[in-house]
Amino acid sequence: MPHIMSSWDSPLDFSRALIMKEAASIDSARSNMPKDVAGIRRDFPVFRDLVNGKPFIYLDNAATTQKPQTVIDALIRFYTQGCASVHRSTYFMGERATETFEDTRRKICRFINAASPREVVFVRGATEAINLVSQTYGRAHVGTGDEILISEMEHHSNIVPWQMLCEEKGARLRVVPMTSAGEFAFDEYETLLGPKTRLVAVAHVSNALGTVNPVGKIIRLAHRQNVPVLVDGAQSVPHMPVDVQALDCDFFAFSGHKMYGPTGIGILYGKEKLLEAMPPYQGGGDMVRSVTFEKTMYSEIPHKFEAGTPNIAGTIGLGAAVDFLESVGMANISAHERGLLAYGTSALEKVDRLHIIGSAKEKAGVISFVLDSVHPHDIGTILDSHGIAIRAGHLCAQPVMDFFKTPATARISFGIYNTREDIDALLDGLAKVKEFFC
Ligand SMILES: Cc1ncc(COP(=O)(O)O)c(C=O)c1O
């Protein structure tokens, strides 16, 4: 994986990167890690510190990712070299902030291959992106007796906003079941998709199971009936190349903090025609062309959906995160994480009394599991004492837990800095868990 410096890097960053690179090459002589992953890991300052006296092993990337120095530097630069508002300041710092802010919009547009930056709306995260669509497009197009179709493996963020809309409108939320492997059930989908369906909303990758849904096919079938599709891409964008035009999705939602960027910033992609026809989400400054007490004229898209002072620092940080991802290469990231998935799956399958939850043929780097007679929270706590961070709980996907008849699972999820050594350390940790409880 080539690790090239991004356009955000100052000469200072560059010399630090050189030092890190040298250190990585010394380290790789003693390590099984691929040299470039060791180098990438060194770009993340969090891994320099010990946790509970142990090297930090982070396996909770589906929840959020650690941040590379370039993203942290972009945030610091914005706050130290001149903090100014966007789209309204007539002075140098304001113009520079606006330029950098809008530059991120262009980067995101290129990164997901949107047709135009006008299709890229800045929001707080995937959750807000989905709420935006339900409260604007949904309110305008869904009425009594209409149906919204989601799948059984959705994150709560792609369930509750639709439930709220259905309640308000007297519409019905219909759920496409999953198979025992945790795969999208196409036969049932084709049966459920009908003249009453107003929208399909489905995860690209399940955060609880790792299932990669064939969203291209889901979209094609929906479009045959003129039904638009929202894809929840919170777990796909950080881990695989995404091309919204090739998918032909109508909306696509994702979060910056899961893709090595800051918290509080995310993206709603929407097809230009749809966004143009939609009413605004929130009212306030920056989303208006003119205001009188009688009438307000709204701004053009995407600004129509961005009321108030936006998360400028977060947006700029997200731009640095996109630079980081592109410098590594999404195909490389995907291949690396697929390798970890294969290694981790076969290692965990050999652990006595451990059961992996979710065995779809197409999976991303997420492995959920349970260990007989040990609560996932206890697994998490003991692993933490060994410097290993995993997720334990219902994973904001309680219907998935109900389906698999378990209140909770333990979950590991990979990022670009993870290695097979991390998985080996996890196995050692699990042996300690078993010693303690079994
Ligand atoms: C599949 C999926 N959708 C949506 C979300 C919500 O993301 P956020 O909390 O960043 O808005 C998550 C977060 O874990 C997720 O995994």
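Residues numbered from 1 in each chain as written. Predicted model: local features only at pLDDT ≥ 70, side-chain atom pairs only at ≥ 80, totals over all residues. Heavy atoms only, no water.

Asker: Explain the pairing of strand 6 (residues 172-176) here, please?
Answerer: Successive side chains on a regular strand alternate, one facing one side of the sheet and the next facing the other. Direction of pairing for strand 5 (residues 147-151) relative to strand 6: parallel, over a ladder of 5 bridges. When the bridges of strand 6 are listed, Glu-147 appears paired with Arg-172. Handedness of the crossover joining strand 5 and strand 6 through helix 6 (residues 160-169) is recorded here as right-handed. (Pairing = 2+ DSSP bridges. Helix = DSSP H or I, 4+ residues; strand = E, 2+ residues; numbered from the N terminus. Right-handed = clockwise from strand over helix to strand, strands pointing away.)

Asker: Just checking my understanding: could you explain the packing of helix 13 (residues 376-385) against helix 15 (residues 420-437) for this structure?
Answerer: Packed helices, taken two at a time, are described by their axes: the angle between them and the distance between them. One can describe the packing of helix 13 onto helix 15 by two numbers: an axis separation of 9 Å at closest approach and a directional angle of 120°. As summarised for this structure, helix 13 and helix 15 are arranged oblique, according to the angle between their axes. Note that helix 13 runs across helix 15; the crossing there is right-handed. Counted together, Asp-378, Ile-379, Ile-382 and Leu-383 of helix 13 and Leu-426, Gly-429, Leu-430, Val-433, Phe-436 and Phe-437 of helix 15 form the full contact between these two elements. (Axes fitted to C-alpha atoms, helices over the stretch in contact; angles between N-to-C directions. Parallel < 35°, antiparallel > 145°, perpendicular 65-115°, else oblique. Left-handed = near helix turned anticlockwise from the far one by under 90°. Contact = heavy atoms within 4.5 Å.)

Asker: I keep staring at the site of the ligand and nothing clicks. Help me out?
Answerer: If you check the shell around the ligand, you find 13 residues, and the closest are Thr-127, Asp-232, Gln-235, Ser-255 and Lys-258. Interatomic distance of 3.4 Å between a backbone N/O atom of Ala-126 and an oxygen atom of the ligand. Gln-235 places a side-chain nitrogen or oxygen 2.7 Å from an oxygen atom of the ligand. With the chains in place, 85% of the 390 Å² that the ligand exposes on its own is no longer accessible. Split into classes, the residues belonging to the shell around the ligand amount to 3 nonpolar, 8 polar and 2 charged. (Near = heavy atom within 4 Å. Polar contact = N/O pair within 3.5 Å; in protein donor to acceptor, adjacent residues only side chain to side chain. Areas by Shrake-Rupley, 256 points an atom, 1.4 Å probe, with all protein chains shown as cover. Nonpolar A, V, L, I, M, F, W, Y, C, P; charged D, E, K, R; others polar.)

Asker: What am I meant to see in the nonpolar core here?
Answerer: Looking at soluble globular proteins, one finds that nonpolar side chains tend to be buried together. Counting residues in hydrophobic clusters, the biggest one holds 76 residues, and the most contacted among them are Tyr-189, Val-200 and Phe-252. In terms of residues, this core owes the most to one element, helix 11 (residues 312-328), which gives 10 residues. Each residue touching Phe-252, except ones within four places of it in the same chain, is listed here: His-204, Val-231, Gly-233, Ser-236, Val-237, Val-242, Val-244, Leu-247, Ile-267, Leu-268 and Tyr-269. Counting 28 residues, the second-largest nonpolar core is a separate cluster that includes Ala-129, Tyr-137, Leu-165 and Met-278. (Core = buried A, V, L, I, M, F, W, Y, C linked by side-chain atoms within 4.5 Å. Buried < 20%, exposed > 50% of the residue type's maximum accessible area, 1.4 Å probe, protein only.)

Asker: Before we go on, may I ask you to explain the sheet that holds strand 5 in this structure?
Answerer: Two orientations exist for strands paired in a sheet by backbone hydrogen bonds: parallel and antiparallel. Overall, mixed pairing links the 7 strands, which are arranged 4-10-9-8-7-5-6 in an open sheet. Of all strands in the sheet, those bounded by a partner on one side alone are strand 4 (120-123) and strand 6. Neighbour to neighbour, the strand axes of the sheet diverge by 20° on average, direction disregarded. Bridging between strand 7 (residues 197-203) and strand 8 (residues 229-232) involves 4 bridges; their strand directions are parallel. In the strand pairing of strand 8, Val-202 is matched with Val-231. Of the strands in this sheet, strand 4, strand 9 (251-255) and strand 10 (266-270) are in contact with helix 4 (residues 92-111), which crosses strand 4 at around 120°.

Purely spatial values, then, with no claim about function.
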